Amino acid sequence: MTDSDDHVVVLRLDDPRCEPYMLQGTGVALWREIDDRRSAEEIARVLAERYGADLAAVRRDVLASLAVLVRTGLLLPGGDGDAAGSPGQ
């Protein structure tokens, strides 16, 4: 992973065919909040509060973004079905 103030580039090291995946804008804020303890709902609440945004809209975007990260293998799904997951290896 390469991290700067305005973007994060993530690469799956276990897949040599994997293309780098760049997150920008709100994707960077989301990536920095992901851990294996908080749920997607908790992350959405933090981001909505931080940016003064509508919780329902942020929740929808967080869930969609997490689904893409899981589908691409860049994020491991949460073990209990509630946690947002953790960055993939």
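Look above for the structure.
On a predicted model such as this, the values are computed, not experimentally measured, just so you know.

**Examining the overall build of the protein chain**
- From N to C terminus, the protein chain includes three helices and five strands.
- When the helices and strands of the protein chain are listed from N to C terminus, the series reads β-β-β-α-α-α-β-β.
- Considering only contacts within the protein chain whose residues lie at least 6 apart along the sequence, 35% involve residues at least 24 apart.
- For the protein chain, the accessible area works out to roughly 5,700 Å², and carbon and sulfur atoms hold 51% of it.

**Quick word on the layout of surface pockets**
- Size it by volume and the largest pocket reaches roughly 290 Å³.
- Lining of the largest pocket is provided by 15 residues; of these, Thr26, Gly27, Leu30, Asp61 and Ser65 occupy positions nearest its centre.
- Elements with a minimum of two residues in the lining of the largest pocket: β3 (21-24), α1 (26-33), α2 (40-51) and α3 (55-71).
- When residues in the lining of the largest pocket are grouped by element, the largest group, six residues, is from α3.
- Residue composition of the lining of the largest pocket, grouped by class: 11 nonpolar, three polar and one charged.

**So, α2**
- Between its first and last C-alpha, α2 extends 16 Å over 12 residues, near the 16 Å set by a 1.5 Å rise per residue.
- For α2, the complete set of buried residues consists of Ala40, Ile43, Ala44, Leu47 and Ala48. Summarising the axial view, the buried residues of α2 lie within an arc of 130 degrees, below the 170-degree limit, and thus occupy one face.
- Residues of α2 that are buried sit in contact with α1 and α3.
- Phi turns positive, to about 60 degrees, at Gly52, one or two residues after α2.

**Some thoughts on the packing of α2 against α3**
- Interaxial distance between α2 and α3 falls to 9 Å at its minimum, and their mutual angle equals 130 degrees. Put simply, α2 runs oblique to α3. Of the two possible hands of crossing, α2 and α3 adopt the one that is right-handed. On the side of α2, the interface is formed by Ala40, Glu41, Ala44, Arg45, Leu47 and Ala48, while α3 contributes Leu55, Val58, Arg59, Val62, Leu63 and Leu66.
- Looking at side-chain class alone, the contact of α2 with α3 contains nine nonpolar, no polar and three charged residues.

Cut-offs applied
Residue numbers restart at each chain and count upward from 1, following the sequence in its written direction. Local features in a predicted model are, by the rule used here, given only for residues with pLDDT of at least 70; side-chain atom pairs are given and counted only at 80 or more, and totals for whole chains, interfaces and linings are based on all residues. Heavy atoms from the whole structure form the basis of all side-chain values; hydrogens and water molecules are not counted. Secondary structure elements follow DSSP: runs of H or I no shorter than four residues count as helices, runs of E no shorter than two count as strands, and numbering proceeds from the N terminus. In this analysis, two residues are considered to be in contact whenever any of their non-hydrogen atoms come within 4.5 Å of each other. Note on areas: these come from Shrake-Rupley sampling with a 1.4 Å probe, and a residue is covered only by the protein chains present in the view. Both site types are read off a 1 Å grid over the protein atoms alone. A 1.4 Å probe that fits but cannot get out defines a cavity, while an open set with protein on both sides within 12 Å along at least five of seven lines defines a pocket; lining residues have an atom within 4 Å of a point. Grid points are joined across faces, edges and corners, and a volume is the space filled by probe spheres set on the points. Gly is placed with the polar residues, together with every amino acid not listed as nonpolar (Ala, Val, Leu, Ile, Met, Phe, Trp, Tyr, Cys and Pro) or charged (Asp, Glu, Lys and Arg). Given a helix with a known number of residues, its expected span is that number minus one, times 1.5 Å. Per-residue accessibility, obtained with a 1.4 Å probe over protein chains only, is compared with the maximum for each type, and a residue is labelled buried under 20%, exposed over 50%, and partly exposed between these values. Each C-beta atom gives one direction from the helix axis, and the arc is the one those directions make. Every axis corresponds to a line fitted to the C-alpha atoms, with the helix fit spanning only the stretch in contact, and the corresponding angles, defined between N-to-C directions, vary from 0 to 180 degrees. Orientation labels follow simple angle bins: below 35 degrees gives roughly parallel, above 145 gives roughly antiparallel, 65 to 115 gives roughly perpendicular, and whatever is left gives oblique. Here a crossing is called left-handed whenever its near helix is offset anticlockwise from the far helix by less than a right angle, and right-handed whenever the offset is clockwise.

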